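Observations on the model geometry
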Amino acid sequence: MSALFNILLVLHFLGLAAVIGAFLVQVRRKGGFQTSWPITGLIVQLVTGLGMMGIIDATHDGGANHAKLGVKLVIAAVALVLAFVARARQKRADSGAAPAKAALPFFHSAGALAIVNVFIAVLWS
């Protein structure tokens, strides 16, 4: 179980890098956002996070901190929804059906929530 948990943890970190890396690279843009990496990273993080939570529950007597993980799950799910909205808004902006900045608040909110999740993971004991 330890090897599986470690593989999931590495994949979780790679998902985190995809989300936050893509966000930071594009943070100064006003439009033309590429959302495929953040969406992929958020999906990877959700799947691997749930897998790690299951392993912790199955192998540790005290189990996982369900309050912390529940908060992180909700934030990650909201970030994923916002990333999908940013993608849809960006497609509309690219076709001329929406203003160029239509995706901006959704893209920035998804990236900010991913960073908030890092703070929760590290600082919530």
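Preceding block: the structure.
As the structure is a prediction and not an experimental result, all values here were calculated from the model. (Residues numbered from 1 in each chain as written. Predicted model: local features only at pLDDT ≥ 70, side-chain atom pairs only at ≥ 80, totals over all residues. Heavy atoms only, no water.)

This next bit is on the overall build of the protein chain. Tallying secondary structure elements over the protein chain gives 4 helices and 0 strands in all. Secondary structure elements of the protein chain, listed N to C terminal, follow the sequence α-α-α-α. Buried residues in the protein chain amount to 33% of all 125 residues. Once local pairs closer than 6 in sequence are excluded, the contacts in the protein chain between residues at least 24 apart make up 75%. Counting only carbon and sulfur atoms, one obtains 71% of the accessible surface of the protein chain, whose full area is about 7,200 Å². (Helix = DSSP H or I, 4+ residues; strand = E, 2+ residues; numbered from the N terminus. Buried < 20%, exposed > 50% of the residue type's maximum accessible area, 1.4 Å probe, protein only. Contact = heavy atoms within 4.5 Å. Areas by Shrake-Rupley, 256 points an atom, 1.4 Å probe, with all protein chains shown as cover.)

Below, the discussion takes up the packing of helix H1 (residues 2-26) against helix H2 (residues 36-59). Taken N-terminus to C-terminus, the directions of H1 and H2 make an angle of 155°; their axes are 8 Å apart at the nearest point. In terms of their interaxial angle, H1 and H2 are classed as roughly antiparallel. Two packed elements cross with a definite hand, and for H1 against H2 that hand is left-handed. On H2, the residues that touch Leu4, Phe5, Leu8, Leu9, Leu11, His12, Gly15, Leu16, Ala18, Val19 and Ala22 of H1 are Trp37, Pro38, Gly41, Leu42, Val44, Gln45, Thr48, Gly49, Gly51, Met52, Ile55 and Ile56. Per-class residue counts for the contact of H1 with H2 are 16 nonpolar, 7 polar and no charged. (Axes fitted to C-alpha atoms, helices over the stretch in contact; angles between N-to-C directions. Parallel < 35°, antiparallel > 145°, perpendicular 65-115°, else oblique. Left-handed = near helix turned anticlockwise from the far one by under 90°. Nonpolar A, V, L, I, M, F, W, Y, C, P; charged D, E, K, R; others polar.)

Moving on: the environment of Pro105. Among the secondary structure elements, Pro105 is positioned in helix H4 (residues 104-123). C-alpha separation for the pair Pro105 and Ser36, spaced 69 residues apart in sequence, amounts to 17 Å.

Attention now moves to the packing of aromatic side chains. Inspection of every chain in the model, using the stated rule, returns 2 aromatic pairs. Taking 6.0 Å as the distance between ring centres and 40° as the angle between the ring planes, the aromatic pair formed by Phe23 and Phe107 counts as tilted. Of this pair, Phe23 sits in helix H1 while Phe107 is found in helix H4, placing the two residues 84 residues apart along the sequence. Here Phe23 matches Phe107 in class, with each residue buried. Here the aromatic rings of Phe33 and Phe107 are separated by 4.4 Å at their centres, their planes lie at 20°, and the arrangement is stacked. Highlighted residues: Phe33 in the loop between H1 and H2 and Phe107 in helix H4, separated in sequence by 74 residues. Here Phe33 matches Phe107 in class, with each residue buried. (Phe/Tyr/Trp six-rings, centres within 6.5 Å; stacked < 30°, edge-to-face > 60°.)

All right, on to H1 then. When the terminal C-alpha atoms of H1 are compared, their 36 Å separation across 25 residues agrees well with the 36 Å that a helix rising 1.5 Å per residue should span. Of all the residues in H1, the buried ones are Leu8, His12, Gly15, Ala18, Val19, Ile20, Ala22, Phe23 and Gln26. For H1, the elements touching its buried residues are H2 and H4. (Expected span 1.5 Å × (residues − 1).)

This part takes up the nonpolar core. Core analysis: the biggest nonpolar cluster contains 12 residues, these being Val19, Ile20, Ile39, Leu42, Leu46, Ala76, Ala79, Leu80, Leu82, Ala83, Ala110 and Ala114. When residues of this core are traced back to their parent elements, those giving at least two are H1, H2, helix H3 (66-94) and H4. With near-sequence residues (within four places) excluded, Leu82 lies in contact with Phe106, Ser109, Ala110 and Leu113. Counting 5 residues, the second largest nonpolar core, distinct from the first, contains Phe23, Phe33, Ala103 and Phe107. (Core = buried A, V, L, I, M, F, W, Y, C linked by side-chain atoms within 4.5 Å.)

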